Amino acid sequence: MDRYSIIENKNHREIVLLKGFPCVWGKCSFCDYILDNSTNEEEINEINFNVLSNITGKYKVLEVINSGSCFEIPRKTLEKIKEIIDEKGIEKLFLESHWCYRNRLNEMREFFNIPIIFKIGVETFDYDFRNDFLNKNAKFKAPEELKEYFDSPCIMVGIKGQSKESIDKDMEIIQNIFTHSTVNIFTPNTSKLERDGELIKWFIDKYSFLDKNPNIEILYNNTDFGVGD
Ligand code: SF4
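These notes cover the structure that comes with them. Sequence order sets the numbering: in each chain, residues are counted from 1 along the sequence as written. Only residues with pLDDT of 70 or above have their local features reported here, since the model is predicted, and side-chain atom pairs are shown and tallied only from 80 upward, although totals for entire chains, interfaces and linings are computed over all residues. Only hydrogens and water are removed before side-chain values are computed, so all heavy atoms of the structure are retained for them.

Before going further, it helps to spend a moment on the site of the ligand. If you check the shell around the ligand, you find Cys 23, Gly 26, Lys 27, Cys 28, Phe 30, Cys 31, Tyr 33, Ile 34, Ser 67, Gly 68, His 98 and Lys 136 and nothing else. Any residue with an atom within 4 Å of a point lines the site, the site being either a cavity, points on a 1 Å grid over the protein atoms alone where a 1.4 Å probe fits but cannot get out, or a pocket, an open set with protein on both sides within 12 Å along at least 5 of 7 lines. Occupancy of a cavity or pocket is assigned to a molecule whenever over half of its atoms lie within 2 Å of that pocket's grid points. At a threshold of 2 Å from the grid points, most atoms of the ligand map onto the largest pocket. Side-chain classes follow a simple rule in which Ala, Val, Leu, Ile, Met, Phe, Trp, Tyr, Cys and Pro form the nonpolar group, Asp, Glu, Lys and Arg form the charged group, and the remainder, Gly included, forms the polar group. Taken together, the residues of the shell around the ligand sort by class into six nonpolar, four polar and two charged. Neighbouring residues are identified by heavy atoms, a residue being near a molecule or strand if any of them is within 4 Å of it.

With that settled, consider the pattern of salt bridges. Within this document, salt bridges are pairs made up of a side-chain nitrogen of Lys or Arg and a carboxyl oxygen of Asp or Glu, the two lying within 4 Å of each other. As enumerated under the stated definition, the model contains 14 salt bridges in all. For Glu 79, the salt bridge goes to Arg 75, with nearest N and O atoms at 3.2 Å. Here Glu 79 pairs with Arg 75, and both are found in helix 2 (residues 75–88), just four residues apart, close to one helical turn. Whether a residue is buried, partly exposed or exposed follows from its accessible area with a 1.4 Å probe, protein chains only, as a fraction of its type maximum: under 20%, in between, or over 50%, in that order. The exposure class assigned to Arg 75 is partly exposed, which follows from its relative accessible area of 49%. A salt bridge links Asp 151 to Arg 109; the nearest nitrogen and oxygen atoms lie 3.9 Å apart. Taken together, the positions of Asp 151 in the loop between helix 5 (143–147) and strand 6 (152–157) and Arg 109 in helix 3 (residues 105–112) put the pair 42 residues apart, joining distant regions of the chain. For Arg 109, a relative accessible area of 28% puts it in the partly exposed group. Ionic contacts of the salt-bridge type, sharing partners, join the residues Arg 13, Glu 63, Lys 119 and Glu 217 into one network. Only runs of H or I of at least four residues qualify as helices and only runs of E of at least two qualify as strands under DSSP, and these elements are numbered from the N terminus.

Among the nonpolar cores identified, the biggest contains 50 residues, and Phe 112, Met 171 and Phe 203 are the most heavily contacted of them. In terms of residues, this core owes the most to one element, helix 7 (residues 197–207), which gives five residues. Not counting residues within four places of it along the chain, the set of residues in contact with Met 171 comprises Ile 155, Val 157, Val 183, Phe 203, Tyr 207 and Leu 210. In plain words, nonpolar cores are sets of buried Ala, Val, Leu, Ile, Met, Phe, Trp, Tyr and Cys residues tied together by side-chain atoms within 4.5 Å. The next biggest cluster of nonpolar side chains, apart from the first, holds nine residues, and it includes Cys 28, Cys 31, Leu 134 and Leu 193. Pairs of residues are marked as contacts when any of their non-hydrogen atoms sit within 4.5 Å.

Structurally, Arg 13 can be placed in strand 2 (residues 13–18). Overall, Arg 13 belongs to the buried group, its relative accessible area being 0%. For Arg 13, the side chain forms a polar contact with the main-chain oxygen of Asn 11, separated by 2.9 Å. Here Glu 217 takes part through its side chain, which lies 3.1 Å from a polar atom of the side chain of Arg 13. Two N or O atoms count as a polar contact when they lie within 3.5 Å, although within protein this holds only if one can serve as hydrogen donor and the other as acceptor, and sequence-adjacent residues are included solely when both atoms are side-chain atoms.

Strand pairing is assigned whenever DSSP identifies at least 2 bridges connecting the two strands. Pairing within the open sheet is mixed, and its eight strands lie in the order 1-2-3-4-5-6-7-8. Of all strands in the sheet, those bounded by a partner on one side alone are strand 1 (4–7) and strand 8 (216–219). Adjacent strand axes in the sheet meet at a mean angle of 20 degrees when their direction is disregarded. Relative to strand 6, strand 5 (residues 116–123) runs parallel, the two being bridged by four bridges. The partner of Lys 119 across the bridge, within strand 6, is Ser 152. Where helix 1 (residues 41–52) meets the sheet, it contacts strand 1 and strand 2, and its direction lies at approximately 165 degrees from that of strand 2. For helices, the axis comes from a line fit to the C-alpha atoms of the stretch in contact; other axes are also lines fit to C-alpha atoms, and the angle between any two N-to-C directions lies between 0 and 180 degrees.

Between helix 6 (residues 164–176) and helix 7, the shortest axis-to-axis distance is 11 Å and the interhelical angle comes to 35 degrees. Crossing geometry of helix 6 relative to helix 7 is assigned as right-handed. For the pair formed by helix 6 and helix 7, the contact residues are Lys 164, Ile 167, Asp 168 and Met 171 on the first element and Leu 199, Trp 202, Phe 203, Lys 206 and Tyr 207 on the second. Grouping the amino acids of the contact of helix 6 with helix 7 by side-chain chemistry returns six nonpolar, no polar and three charged. Helix crossings get a hand from a simple test, with the near helix turned counterclockwise from the far one by less than a right angle marking a left-handed crossing and a clockwise turn marking a right-handed one.

Right, dumping it as structure tokens:
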């Protein structure tokens, strides 16, 4: 499993995939990343300290992800990240969190005391598909409601059952309402969900122009940021 990488494409930054405690929700129908979660705090910190030792501060921007939310990263690891931020002169942080922690985001802002871009896996703005089919438990109604808390939604494209219309709407929203976003093309995993190759081909034909948009990052493979397996 690669846990450190440098993103040289858009929004240059270093990225680390850390280990964390179990995801607070852990029930999204497409997710098997939670297999990386652990309850062994000592083991988590040991792995994380090792990964964090790679950070050089090259671009003064760091993204920290784990298979869950930043609130599931142990305190010792958070303190280590803060130490590295100070040491390497990191000026901006990307963190990720589930909707259920929306009222706690300021805790991270106060702790790290540098600008944070908060990402959230919403997968789609289609309420029913998101909450019924994907079982995401992110029950906001409108993108504006999400934007009150989060800066950067992550969208999923290419799951069997997803419609072109809902993807069109998602693309419209991320281009017009948010300043950052990520589009993940669904990669089959150990979950029951299936990849829709035809839908993905349609998406690439229609939306590959977004590759040129500096604020939208499209991951054609889930390892395109250089972390994961
Ligand atoms: S919130 Fe994220 S890590 Fe947790 S189950 Fe859903 S997709 Fe997986």
